[in-house]
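Close look at the chain arrangement
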Amino acid sequence: MTERQKEEFIKFANEEMAALKAEIPRLEEQVKPVAPDNAIGRISRMDTIVNQSVAETQLSKARVRLARLQEAVKRVDDEDFGLCLDCGEPIPMARLKAMPETGHCVDCAE
């Protein structure tokens, strides 16, 4: 991986991490339980519970994505970062951006 590609990846990862760090607190607010004495109505309470479930899933995915990006940024200076562990060929930048934890090119991953 060239220095330019590393810089591109780091820039992408930092932007993505900043967005996730802003998104996570918003999602944490959405998953807070609704007090039982809150008179919002039965249908509204059910809708809130469904929305909380969706937000919990999004929160979990955001946390995992953030951790994977942080780990990838730590590894970016490793000499084998961006190279397939099996064939040694460069992993396409689009794949690294989509799956920063990947260690295999598309062909070897299949």
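What to know about the confidence of the model for the protein
Looking at the protein as a whole, the pLDDT averages 88, with 90% of positions reaching at least 70. The secondary-structure element of the protein with the lowest mean pLDDT is helix H2 (residues 42-75), recorded at 88, while helix H1 (residues 3-30) shows the highest, at 94.

Points about the nonpolar core
Membership of the largest hydrophobic core comes to 21 residues, with the highest contact counts inside it found for Phe-9, Leu-69 and Phe-81. Listing elements by their share of this core, those giving two or more residues are H1, H2 and helix H3 (93-98). Not counting residues within four places of it along the chain, the set of residues in contact with Phe-9 comprises Ala-72, Val-76, Phe-81, Met-93, Leu-96, Lys-97 and Pro-100.

Some thoughts on the packing of aromatic side chains
As enumerated under the stated definition, the model contains two aromatic pairs in all. Between Phe-9 and Phe-12 the ring centres are 6.5 Å apart and the planes differ by 45°, which places this aromatic pair in the tilted class. Taken together, the positions of Phe-9 and Phe-12, both in helix H1 and three residues apart, correspond to about one turn of that helix. For the pair formed by Phe-9 and Phe-12, the shared burial category is buried. Here Phe-9 and Phe-81 contribute two aromatic rings whose centre-to-centre distance is 5.3 Å and whose plane-to-plane angle is 55°, an arrangement assigned as tilted. Taken as a pair, Phe-9 in helix H1 and Phe-81 in the loop between H2 and H3 lie far apart in primary sequence, 72 residues in all. When its relative accessible area of 0% is taken as the criterion, Phe-9 is described as buried. Of the residues examined, Phe-81 reaches a relative accessible area of 3% and is grouped as buried.

Rules of the game
Residues numbered from 1 in each chain as written. Predicted model: local features only at pLDDT ≥ 70, side-chain atom pairs only at ≥ 80, totals over all residues. Heavy atoms only, no water. pLDDT = per-residue confidence, 0-100. Helix = DSSP H or I, 4+ residues; strand = E, 2+ residues; numbered from the N terminus. Core = buried A, V, L, I, M, F, W, Y, C linked by side-chain atoms within 4.5 Å. Buried < 20%, exposed > 50% of the residue type's maximum accessible area, 1.4 Å probe, protein only. Contact = heavy atoms within 4.5 Å. Phe/Tyr/Trp six-rings, centres within 6.5 Å; stacked < 30°, edge-to-face > 60°.

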